[in-house]
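Examination of the molecular architecture
Here is what each chain is made of, one letter per residue.
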Amino acid sequence: MRIFIASLVTETNTFSPIPTSLRSFTNLDYSRRDGSLGPDRGSSRALQEWRRAAEQGGHEIVESISTYAQPAGTTVRAAYEELRDYILDDLSKAQPVDVVLLDLHGAMIADGYDDCEGDLITRTRAVVGPDVMIGVELDLHCHLTEAMVAGADIVVTYKEYPHTDIRECAREVYGLTMAASQGTLKPVKAVHDCRMIGLWPTTREPVRSFVERMRALEGKNGIASVSLIHGFPWGDVADVGAKVLVIANGDQAQAEALARQLGAEFWAMREEARTPYLTVDEALARVRANSAKAPIVLADVADNAGGGAASDSTAILQRVLDLGLREIALGCFWDPVAVQMCFGAGIGATLALRIGGKVGEHSGQPVDVLATVRGLCPDHKQPGNSGSQWPLGPSAYIETRGVHIILSTIREQVFSPELFTDIGCAMSDKRGVVVKSSQHFYNSFEPIAAEIHYVAASGPISPDFTQIPYTKVQRPLWPRSEA
Ligand SMILES: [Zn+2]
């Protein structure tokens, strides 16, 4: 068989002040035809799995682009169209193919395209015709649309948040799409709209058990795949929200019944599954009272670069300084100008620095400190959840009045303690660590944390779901509505 593969991944926060441009992709993570042969990166994992499986099966791979942009604001129209057309041009030239496998996010929005993935899948179908199987892997933080479901034969989302199962999900997409192509699976799909928005870490109950329940249903009694789409609340599109997607083998009624049942179960657990958020002052009071020999880890979820935030909000930092807290570390602030000044001053120097508060209205006011440069790294990195290294660019570690701050040149969320420790900021002697991240930090910080709490500061992805200023949503969505 001849299998065409491509990857185009970003998550769009329509409320973010940072445009997503072509450079947002090409400067960070971009390859054409050979991305799966390179290192483990944001865009390459699914393609690597697909290439490996295809080669083991004696099939031919035709690879197009693989590219990833850090989540940010609406994608520039020409950027989306150019990347999309690379894929479609490569696909046209590759004809005839037997199978198409696409690694997408599912929450990419461009000027003029509320549903980039639905558009790409529809155009892909137009190129290959009705008989070629199209399999798609999506992030669970997607907006599942009718265009995606109608255009693709197989659609599967990750089950885990943090996303530790991207490769496993890719193998599932491969297996199901190949089975459909070979005629041993007749995929029929059903979607249940849960009419809910929220963030649901799968490290917590009752969502943890719901994930296990989904897995237990798969591969037996005619059920091929079950996905819980969490949705991405900060995309102002009609299809935002949580959904259940079931793929069954030939029995449409069975797929619909299970999707409806699981959707009802998820709805029923909505209050119990609600993530608890502390206010900034509640969270810092816990840090002040911490007597454990390990830090309390606070997630500044509202300023998570991985959700499109600027990662330069000073809301928590300012409060830490106002309260005179010491032995607390915060990271990482996207502040290339401050980093440059630290490099100019050198390690050990003390200088006046203006930190953060620059990029958008939710960044707050910049904070002026007299800081000592404790560490500099010209090419700072941190390991992600799959072991791959994520670049932070030139970075600085500064200390002011017992407060330890990491500044980076590349906007990135915190994945791991190495973001702090590899530049000289120890974790073990801190009372508190504030990470600009929503959930992907969790697995690597849990072993070193006395406690972990999610904090609702102000920011472009504040978890106050009732206040997101949608203009395109026409359905009632819990918790904005109880209907
Ligand atoms: Zn996600």
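Residues numbered from 1 in each chain as written. Predicted model: local features only at pLDDT ≥ 70, side-chain atom pairs only at ≥ 80, totals over all residues. Heavy atoms only, no water.

The parts lose accessible area when they come together, and the size of an interface is often stated as this lost area. In terms of domains, the protein is made up of domain 1 (2–269) and domain 2 (280–455). On the domain 2 side, the residues contacting the 21 residues of domain 1 number 22 residues. With both chains or domains summed, domain 1 and domain 2 bury close to 1,700 Å², and 59% of this area falls on carbon and sulfur atoms. Looking at the side of domain 1 facing domain 2, the largest losses of area belong to I18, Q70 and P162, adding up to 29% of the total buried there. Put simply, domain 1 and domain 2 have 0 salt bridges between them. Counting every contact that joins domain 1 to domain 2 gives 7 residue pairs in polar contact (both at pLDDT 80 or more). (Domains from an automatic or database assignment. Contact = heavy atoms within 4.5 Å. Buried area = accessible area lost by both parts, 1.4 Å probe. Salt bridge = Lys/Arg side-chain N within 4 Å of Asp/Glu carboxyl O. Polar contact = N/O pair within 3.5 Å; in protein donor to acceptor, adjacent residues only side chain to side chain.)

Now for the UniProt feature "domain: Microcystin LR degradation protein MlrC N-terminal" (unreviewed entry) in the protein. As recorded in UniProt, the feature "domain: Microcystin LR degradation protein MlrC N-terminal" (unreviewed entry) lies at residues 2–287. Note that residues 2–287 is 37% helix and 21% strand, and that its end C-alpha atoms are spaced 57 Å apart. (UniProt positions renumbered as here; feature names shortened; annotations may be inferred. Helix = DSSP H or I, 4+ residues; strand = E, 2+ residues; numbered from the N terminus.)

A separate point is the packing of aromatic side chains. As enumerated under the stated definition, the model contains 12 aromatic pairs in all. Centre to centre, the rings of Y80 and Y113 are 4.9 Å apart; their planes meet at 65 degrees, and the pair counts as edge-to-face. Of the two residues, Y80 sits in helix α3 (residues 77–94) while Y113 sits in the loop between β4 (99–104) and α4 (116–128), which places them 33 residues apart along the sequence. Residue classification places Y113 among the buried residues on the basis of a relative accessible area of 11%. Ring plane angle 50 degrees and centroid distance 5.2 Å describe the contact between W390 and F415, whose orientation is recorded as tilted. A residue pair is termed long-range when its members are at least 10 positions apart, and W390 in strand β15 (residues 389–400) and F415 in the loop between β16 (403–408) and α12 (418–421) qualify at 25 residues. Accessibility assignment for this pair places W390 and F415 in one class, buried. Taken together, the aromatic side chains of Y277, F420, F441, Y442, F445 and Y454 make up a single cluster linked through ring pairs. Of note, K436 hangs over the ring of F333, and the distance from its end group to the ring centre comes to 4.4 Å. (Phe/Tyr/Trp six-rings, centres within 6.5 Å; stacked < 30°, edge-to-face > 60°. Buried < 20%, exposed > 50% of the residue type's maximum accessible area, 1.4 Å probe, protein only. Lys NZ or Arg CZ within 6 Å of the ring centre and 35° of its normal.)

One finds I3, I5, W50, L101, Y174 and W234 to be the most contacted residues of the largest nonpolar core, which totals 39 residues. Mapped by element, the contributors of at least two residues to this core are β1 (2–9), α2 (45–56), β4, β6 (154–157) and α6 (166–182). It is α6 that contributes the most residues to this core, 8 residues altogether. Beyond its immediate stretch of four places on either side in the chain, W234 contacts T12, N13, T14, F15, L199, P460, I461, S462, P463, F465 and I468. Core analysis: the next-biggest nonpolar cluster, separate from the first, contains 36 residues, A6, F25, L104 and M148 among them. (Core = buried A, V, L, I, M, F, W, Y, C linked by side-chain atoms within 4.5 Å.)

We now examine the coordination of the zinc ion. Coordination sphere of the zinc ion, protein contribution only: D139 (OD), D139 (OD), H141 (ND1) and H163 (NE2), at 2.1 to 2.5 Å. One can describe the donor arrangement at the zinc ion as irregular, given that its 4 donor atoms subtend angles of 54 to 143 degrees at the metal. On the basis of relative accessible area, H163 is assigned to the buried category, the value being 10%. (Donors = N, O, S within 2.8 Å, 3.2 Å for Na, K, Ca; no water. Tetrahedral: all angles 85-135°; square planar, octahedral: opposite > 155°, others 65-115°.)

Let us look at the packing of α2 against α6. The geometry of α2 relative to α6 is characterised by a closest axis approach of 9 Å and an angle of 45 degrees between their N-to-C directions. By the criterion of interaxial angle, the relationship of α2 to α6 is oblique. Classified by chirality, the crossing of α6 by α2 is right-handed. Counted together, R45, A46, Q48, E49, W50, R52, A53 and A54 of α2 and I166, R167, A170, R171, V173 and Y174 of α6 form the full contact between these two elements. Classifying every residue of the contact of α2 with α6 gives 8 nonpolar, 1 polar and 5 charged. (Axes fitted to C-alpha atoms, helices over the stretch in contact; angles between N-to-C directions. Parallel < 35°, antiparallel > 145°, perpendicular 65-115°, else oblique. Left-handed = near helix turned anticlockwise from the far one by under 90°. Nonpolar A, V, L, I, M, F, W, Y, C, P; charged D, E, K, R; others polar.)

Relative to the elements of secondary structure, E49 occurs in helix α2. For E49, the side chain forms a polar contact with the side chain of R167, separated by 2.8 Å. Apart from residues no more than four positions distant in its own chain, E49 is found in contact with R167, A170 and R171.

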